[in-house]
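Architecture at a glance
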Amino acid sequence: MDKESILKYSPIIIVIMGFFINYNIFVTPANLEERLHKFDEHIAATYATKAESSSQQKQLDAVISKIDKIYDYIIGKR
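Quantities reported herein were computed from a predicted structural model and do not represent experimental measurements.

Scanning the protein chain from N- to C-terminus turns up three helices and zero strands. What you see for the protein chain is a C-alpha radius of gyration of 31 Å, clearly larger than the 12 Å of a compact globule of 78 residues, by over 25%. Seen through its C-alpha atoms, the protein chain measures out along the principal axes to roughly 100 × 25 × 20 Å. Residue burial in the protein chain is summarised as follows: out of 78 residues, 1% are buried. Of the side chains in the protein chain, 10 bear a positive and 10 a negative charge, and the two mean positions are spaced by 10 Å.

Spelled out as structure tokens, the structure:
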């Protein structure tokens, strides 16, 4: 590229770079790490892990079996 074409397109390049800086298009590694940390905290607070859901399913199965036993006992008494 010659000097004239660089000077011709320099205002456009400056506007585009200003847009990128204004809307944080380019992220520094520190900002990226901070955002990923916040995202991980949000995910951990919002969703359950597979182990937690498995444990809750086992507890629910135990409760259902106890309710079935009570129901069978009540039906058997009649």
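Bringing unusual backbone geometry into the picture now. With phi around 50°, N24 is a residue other than glycine that occupies positive phi space. Counting through the fold element by element, N24 comes out in the loop between α1 (3-22) and α2 (29-46).

This paragraph deals with the pattern of salt bridges. Scanning all chains against the criterion turns up one salt bridge. Across the salt bridge formed by E34 and K38, the nearest N and O atoms sit 3.4 Å from each other. Of this pair, E34 and K38 both sit in helix α2, separated by four residues, roughly a single helical turn.

A few words on the environment of T49. In this fold, T49 is placed in the loop between α2 and α3 (50-77). Taking C-alpha positions, T49 is 17 Å from H37, a pair spaced 12 residues apart along the chain.

Take α1 next. In this model, α1 (20 residues) spans 28 Å end to end at C-alpha, consistent with the 28 Å of a helix rising 1.5 Å per residue. Taken as a whole, α1 carries its principal kink of about 45° at S10; the proline P11 stands between one and four residues after it. Immediately beyond the C-terminal end of α1, within one or two residues, lies N24, with a positive phi of roughly 50°.

To continue, consider the packing of aromatic side chains. Counting across every chain of the model gives three aromatic pairs. Consider the rings of F19 and F20, whose centres lie 6.1 Å apart with planes at 50°: the pair is tilted. Using a relative accessible area of 44% as the deciding quantity, one classes F19 as partly exposed. For F20, a relative accessible area of 25% translates into the label partly exposed. When the ring of F19 is compared with that of Y23, the centres are 4.8 Å apart and the planes differ by 55°; the resulting orientation is tilted. According to the relative accessible area criterion, Y23 is exposed, its value standing at 55%. Aromatic rings pair up to connect F19, F20, Y23 and F26 into one cluster.

A few words on a nonpolar patch on the surface. Where nonpolar side chains cluster on the molecular surface, the patch consists of Y9, I12, I13, I16, M17, F19, Y23, I25 and F26 and spans about 930 Å² of accessible area. Mapping I12 onto the fold places it in helix α1. For I12, a relative accessible area of 48% translates into the label partly exposed.

Here is what the cut-offs are and how they apply
- Every chain is numbered independently, its residues counted from 1 as its sequence is written.
- Whole-chain, interface and lining totals are the exception, using all residues; otherwise, since this is a predicted model, local features are given only for residues with pLDDT of at least 70 and side-chain atom pairs are given and counted only at 80 or more.
- Processing note: side-chain calculations cover all non-hydrogen atoms of the structure and skip hydrogens and water entirely.
- Runs of H or I in DSSP of at least four residues are treated as helices and runs of E of at least two as strands, each being numbered from the N terminus.
- Computation of the radius of gyration draws on C-alpha atoms alone. For the globule rule, the value is 2.2 Å times the number of residues to the power 0.38.
- The cut-offs for exposure are 20% and 50% of the maximum accessible area for each residue type, with area from a 1.4 Å probe on protein chains only; residues under the lower value are buried, those over the upper are exposed, and the others partly exposed.
- For the purpose of counting charges, residues Lys and Arg are taken to be positive, whereas Asp and Glu are taken to be negative. His and the chain ends are not included.
- In plain terms, the charge of a residue is placed at NZ if it is Lys, CZ if Arg, CG if Asp and CD if Glu.
- Here, a salt bridge means any Lys or Arg side-chain nitrogen found within 4 Å of an Asp or Glu carboxyl oxygen.
- One less than the number of residues in a helix, times 1.5 Å, gives the span that helix is expected to have.
- What is called the bend at a residue is the angle between a pair of axes, fitted to the seven residues leading up to and ending at it and to the seven starting from it.
- Note on aromatic pairs: the rings of Phe, Tyr and Trp (six-membered ring only in Trp) are paired at centre separations within 6.5 Å, and the planes decide the class, stacked below 30 degrees, edge-to-face beyond 60, tilted for the rest.
- Exposure above 30% relative accessible area and the lack of any salt bridge qualify a residue for a patch; like charges then connect within 9 Å, and the nonpolar side chains Val, Leu, Ile, Met, Phe, Trp and Tyr within 5 Å.
- Residue exposure ignores everything except the shown protein chains as possible cover, and the areas themselves are Shrake-Rupley values with a 1.4 Å probe.

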